[in-house]
Amino acid sequence: MRLSRALAVLDRRIDGTPLALCRVMVGTAALVRGLASYFVMMRVLSPGGVRAPGFDWSPPVSLVAAPWLIGIWLIAAFCFLVGFRTRLSGAVLAVTIAYYLLADGSLYASHIYFLLLIVFLLTVADSGAAFSVDWYLRGMPRAEVAYGPVLLLKLQVAIVYFFAGIAKLNPAFLSGEVLPENLSSFPDAWMTPEVAIAASWAAMMLEFYLVFALWIRRLRMSAIFFGLIFHGLIVVTMSFYAGLITYSTTIVATYWLYLSNEEVAVLRQRIAGFLGSDGERYETA
Amino acid sequence: MFFAIYLSIQVYLPARCVVDGTHCRVGWVMMAHQLDSPTFFVRRASGQEVPLAEIDPDRTLVHVERGSTEARFIVRHLCEQIPDTVAVRVIYARPQREEITPCD
């Protein structure tokens, strides 16, 4: 009985608007990361680049193949962003990113793995159901998606925040020794030991706060506010590096999924108005 | 079914990293630990030992992408790329230790 009730929750249909907004932001992040990955690949695959094959079965990659791989990545990312053949482009994008990650350990980065997981889940979740080229070609019908994959996306983000918080529970980080090493754009004069300790504790506590606050209606707006500041500061203070932009954009993109039905309804009407379509067709189910 | 399998994997992998206490790639560590940039010394057939920074000051022979590459791969690369190398000594800062790896 409980199982069937749980399954009913996962099958429940919800508005596809937040998922569409998430897809657009993640598609943009994938485009940025794809461009940056081209230059990373060129460096790693050059004669001086240190190769680090992850597995015996790692897929082959070469300087000749690199532009093709990245070309497929960029085309798939663009199609995913605009929602053209969204499921196919999402699948191709996910496979391309997975290939890139498995090809060599020197190409691996946590934020690319995170991007891969989110692209995969957005593909499964039918994120092209609303505000996409596919949706436009279908005559802009009322767009609803199953709640199960959306819940998985939200849980995935909670898992990342939770384990990122756990990883920070170490003496070196909490004593402020680690953060200054990473804050390359932060003025040295301001980085006193007290500031380093306070910032380290704040980062750790905020990640734990975001694990649950995004789910609680009363705390959600504060969580989104602090999350946006946190991820903005990561980019500004650490370095304006494509990896950090990708990570911050991808994780912030999922914040749309936490909005309430009422907030989504307002959002949908505004987007529909902007696109010049009939907002009446998008009444909440 | 998909929901349960996906969630189990995504919880298990980072949890395993925490339990093992290792710096796993799928552990969502996110710059939570100090960077350990080891120092490399190339041992020549003559017995002379030269710091890598002296051999390759412009990093044209050895390019490591954002420090994400394990030292063992850099050692192998040095053996392959720098002629007359018989072994590589690596000094780690955290925790302090050193390793000497002969080139095959």
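Rules and cut-offs
- Residues numbered from 1 in each chain as written.
- Chains lettered and ligands numbered in written order.
- Predicted model: local features only at pLDDT ≥ 70, side-chain atom pairs only at ≥ 80, totals over all residues.
- Helix = DSSP H or I, 4+ residues; strand = E, 2+ residues; numbered from the N terminus.
- Rg over C-alpha atoms; globule rule 2.2 N^0.38 Å.
- Buried ≥ 20, exposed ≤ 12 C-beta atoms within 10 Å, placed from the backbone.
- Contact = placed C-beta atoms within 7 Å.
- Pairing = 2+ DSSP bridges.
- Axes fitted to C-alpha atoms, helices over the stretch in contact; angles between N-to-C directions.
- Domains from an automatic or database assignment.
- Core = buried A, V, L, I, M, F, W, Y, C linked by C-beta atoms within 7 Å.
- Parallel < 35°, antiparallel > 145°, perpendicular 65-115°, else oblique.
- Nonpolar A, V, L, I, M, F, W, Y, C, P; charged D, E, K, R; others polar.
- Expected span 1.5 Å × (residues − 1).
- Left-handed = near helix turned anticlockwise from the far one by under 90°.

**Description of the overall build of chain A**
A count of helices and strands for chain A gives 13 helices and 2 strands. For 285 residues, the compact-globule estimate of 2.2 N^0.38 gives 19 Å, and the C-alpha radius of gyration of chain A, at 20 Å, lies within 12% of that figure. Counting the 285 residues in chain A, one finds 42% classified as buried. Counting contacts in chain A only where the partners sit at least 6 residues apart, residues at least 24 apart contribute 74% of the total.

**Section: the overall build of chain B**
The number of helices and strands found in chain B is 3 helices and 4 strands. Helices (α) and strands (β) of chain B occur, in sequence order from the N terminus, as α-β-β-α-α-β-β. Here the C-alpha radius of gyration of chain B, 18 Å, is well above what a compact globule of 104 residues would show, namely 13 Å. Taken along the three principal axes of its C-alpha coordinates, chain B extends 60 × 25 × 25 Å. Counting across all 104 residues of chain B, residues that qualify as buried make up 16%. Considering only residue pairs separated by 6 or more positions, chain B has 42% of its internal contacts joining residues 24 or more positions apart.

**A closer look at the sheet that holds strand 4 (residues 97–102) of chain B**
Residue and element names in this part refer to chain B. Within the open sheet, the 4 strands sit side by side as 2-1-3-4. Their pairing is antiparallel. Every other strand in the sheet has two partners, leaving strand 2 (49–51) and strand 4 as the edge strands with one partner each. With direction set aside, neighbouring strand axes in the sheet form an average angle of 25°. The strands touched by helix 3 (residues 71–81) within the sheet are strand 1 (39–44), strand 3 (85–92) and strand 4, with strand 3 carrying the most contacts at an inclination of about 155°.

**Quick notes on the domain arrangement of chain B**
What the domain assignment lists for chain B is domain 1 (1–30) and domain 2 (34–104). Inter-centroid distance (C-alpha atoms) of domain 1 of chain B to domain 2 of chain B is 32 Å.

**Quick word on the nonpolar core**
Counting 76 residues, the largest nonpolar core has Leu-93, Ile-97, Leu-115, Leu-116, Ile-118, Val-119 and Leu-121 of chain A as the members making the most contacts within it. Secondary structure elements with two or more residues in this core: helix 2 (17–45), helix 3 (66–82), helix 4 (86–103), helix 5 (110–124), helix 7 (147–167), helix 10 (193–213) and helix 12 (242–253) of chain A. Of all hydrophobic cores here, the second largest spans 6 residues; its members include Phe-40, Leu-52, Val-75 and Leu-78 of chain B.

**Some details on the packing of helix 2 of chain A against helix 3 of chain A**
All names here are of chain A. Close contact between helix 2 and helix 3 brings their axes to 8 Å; oriented N to C, the two are set at 170°. Judged by the inter-axis angle, helix 2 sits roughly antiparallel to helix 3. Seen from helix 2, the contacting residues are Arg-23, Val-24, Gly-27, Thr-28, Ala-30, Leu-31, Gly-34, Ser-37, Tyr-38, Met-41, Met-42 and Leu-45; seen from helix 3, they are Ala-66, Ile-70, Trp-73, Leu-74, Ala-77, Phe-78, Phe-80 and Leu-81.

**A word on the interface of chain A and chain B**
Of the residues lining the interface, 34 residues belong to chain A; the matching set on chain B comes to 30 residues. For the side of chain A that touches chain B, the elements supplying multiple residues, two or more each, are helix 2, helix 5, helix 7, helix 8 (171–174) and helix 9 (179–182) of chain A. The biggest single contributor to the side of chain A that touches chain B is helix 7 of chain A, with 10 residues. Residue composition of the side of chain A that touches chain B, grouped by class: 19 nonpolar, 10 polar and 5 charged.

**Quick word on the pairing of strand 1 of chain B**
All names here are of chain B. Pairing between strand 1 and strand 3: 6 bridges, direction antiparallel. For Val-42, the partnering residue across the bridge sits in strand 3 and is Val-88. Turn length for the strand 1-strand 2 hairpin, with the two strands adjacent in sequence and antiparallel, is 4 residues, and the turn residue Gly-47 shows positive phi of about 95°.

**Points about unusual backbone geometry**
All names here are of chain B. Look at Met-30: it is not a glycine, yet its phi comes out positive at around 45°. Here Met-30 shows up in the loop between helix 1 (2–20) and strand 1. A count of 21 C-beta atoms within 10 Å places Met-30 in the buried class. Even without being a glycine, Met-31 presents a positive backbone phi close to 60°. Tracing the backbone shows Met-31 in the loop between helix 1 and strand 1. Judged by the 20 C-beta atoms lying within 10 Å of it, Met-31 is buried.

**Looking at helix 12 of chain A**
Residues and elements named next belong to chain A. For helix 12, built from 12 residues, the straight-helix expectation of 16 Å at 1.5 Å per residue is met to within 8% by its first-to-last C-alpha distance of 16 Å. A large share of helix 12 lies buried, amounting to 10 of its 12 residues. Those residues of helix 12 hidden inside the fold are in contact with helix 2, helix 5, helix 7 and helix 11 (217–238).

**Focus: the packing of helix 2 of chain A against helix 5 of chain A**
A pair of packed helices can be characterised by two numbers: the angle between their axes and the separation between those axes. Residues and elements named next belong to chain A. One can describe the packing of helix 2 onto helix 5 by two numbers: an axis separation of 10 Å at closest approach and a directional angle of 140°. Considering only the axes of helix 2 and helix 5, their crossing is left-handed. In contact with Leu-19, Cys-22, Arg-23, Val-26, Ala-29, Ala-30 and Arg-33 of helix 2, helix 5 contributes Ile-112, Leu-115, Ile-118, Val-119 and Leu-122. Across the contact of helix 2 with helix 5, the residue classes break down as 10 nonpolar, no polar and 2 charged.

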